[in-house]
Amino acid sequence: MARVVRFHRHGGPEVLRIETVDVAPPGRCEVQIRVKALGLNRAEALLRAGTYIETATFPSGLGLEAAGIVEAIGEGVSGFSPGEVVSIVPPVSMVRWPAYGELVTFPAEFVVKHPPELGFDAAAAVWMQYLTAFGALVDIAGLKRGEAVVITAASSSVGLAAIQIANRIGAMPIAVTRTSIKRQALRDAGAADVIASVEEDIGSRLEDIVGSNGVRVVFDAVGGPIFEPLTAAMSPGGVLIEYGGLSPEPTPFPLVNVLTKSLTLRGYLVHEIIRDPTRLAKAKAFILDGLSGGALRPIIAKTFRFDEIVEAHHFLESNEQFGKIVVTI
């Protein structure tokens, strides 16, 4: 028996329940993990609310990231042994493989031996954001040393991971955040410059920072009204990678900018990296090397206990966090 988090209907954080269930032993090519910490992601709030790209089947579990200790291995699993410290690459389906629980089972290809010096809290705060940022900046955009990259929603876990990855490459991360409240914190986190989008003119500030030639790579999670000034500040042949839609306002299509500059506007989900074993292997190698060397360092906004999962989801939706929310078990 183990405690898990489930919900029986869509709604706010209050629909989450901690229930005790029987947990089956791992099947073929599966690893069972005694969870010590969970990393929370906005996707989990969307699944709970019924607005995610995946549909819940009630009662539904949820959760994409965890770290813990191998409890048991299924037939056909090699490379893992009970007692080893591991973390989880987000699966394509969190309904099929939910992470919110004391004892969880995942396919072996989603289980990673992370650097043990990370600790469980930090290890649970690794894979979603670093895989997402790597896939966009390195795998798709081919960001190069010396290049500038614009990163919106910069204080999110993915935004902070993108700042760190850009710095590791030798690029210049320009953070975009709503107000100047987090300006110094973003500079401390490695941003070369910071733009407060509701206080400053994005186009003018970007021209001041990178010059009239513009910026080649934009990594955006927001959309909405900032879409046009972002594309206006891009260089010819630039690529804008859109991985979210945080703005509640419509996103206008910047037709003139796209045509005159031959821009690429590219939708992106981390699933395309996770589904491709070759691309995933390259991403994991880059991330593990960065974690071991200290260039990549998960930033944790706040830690909650497992019994506080409802409170943790309220905080997840507050947009007050700077970095990742972690739940300990």
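Residues numbered from 1 in each chain as written. Predicted model: local features only at pLDDT ≥ 70, side-chain atom pairs only at ≥ 80, totals over all residues. Heavy atoms only, no water.

Draft legend 1. Focus on the overall build of the chain. Looking only at helices and strands, one finds 11 helices and 15 strands in the chain. Relative to the globule expectation of 20 Å for 329 residues, the C-alpha radius of gyration of the chain, 20 Å, shows essentially globular dimensions. For the chain, the C-alpha atoms occupy an extent of roughly 60 × 40 × 35 Å along the three principal directions. Each of the 329 residues in the chain was classed as buried or not, and the buried ones make up 55%. (Helix = DSSP H or I, 4+ residues; strand = E, 2+ residues; numbered from the N terminus. Rg over C-alpha atoms; globule rule 2.2 N^0.38 Å. Buried < 20%, exposed > 50% of the residue type's maximum accessible area, 1.4 Å probe, protein only.)

Draft legend 2. Local environment of helix α6 (residues 202–210). Looking at α6, one finds that the buried residues are Ile202, Arg205 and Leu206. The arc that holds the buried residues of α6, viewed along the axis, is 100 degrees, so those residues lie on one side. Structurally, α6 contributes buried residues whose contacts are with β8 (148–151), β9 (172–177), α5 (183–188), β10 (193–196) and α7 (227–232). Here α6 starts with a cap whose side-chain oxygen sits 3.3 Å from the backbone nitrogen of Gly203, and that cap is Asp201. Among the residues trailing α6, Gly211 stands out with phi positive, at a value near 90 degrees. (Arc of directions from axis to C-beta. Contact = heavy atoms within 4.5 Å. Polar contact = N/O pair within 3.5 Å; in protein donor to acceptor, adjacent residues only side chain to side chain.)

Draft legend 3. Here's a closer look at the packing of aromatic side chains. Applying the stated criterion across every chain yields a total of five aromatic pairs. Taking the centre distance of 5.8 Å and the plane angle of 75 degrees together, the rings of Phe7 and Phe58 count as edge-to-face. Within this pair, whereas Phe7 is found in strand β1 (residues 2–7), its partner Phe58 is found in the loop between α1 (42–49) and β4 (65–73), the two being separated by 51 residues in sequence. What makes Phe58 partly exposed here is its relative accessible area of 38%. Measuring from ring centre to ring centre gives 4.4 Å for Phe219 and Tyr243, while their planes differ by 20 degrees; the resulting arrangement is stacked. One end of the pair, Phe219, is in strand β11 (residues 215–220); the other, Tyr243, is in the loop between β12 (234–242) and α8 (255–261), and 24 residues separate them in sequence. Tyr243 shares its class with Phe219; the two are buried. Above the plane of the ring of Phe80 lies Lys113, whose end atom (NZ or CZ) is 5.6 Å from the centre. Here the guanidinium or amino end of Arg168 rests over the ring plane of Phe286, the centre of that ring lying 4.3 Å away. (Phe/Tyr/Trp six-rings, centres within 6.5 Å; stacked < 30°, edge-to-face > 60°. Lys NZ or Arg CZ within 6 Å of the ring centre and 35° of its normal.)

Keep in mind these numbers describe shape, not what the thing actually does.
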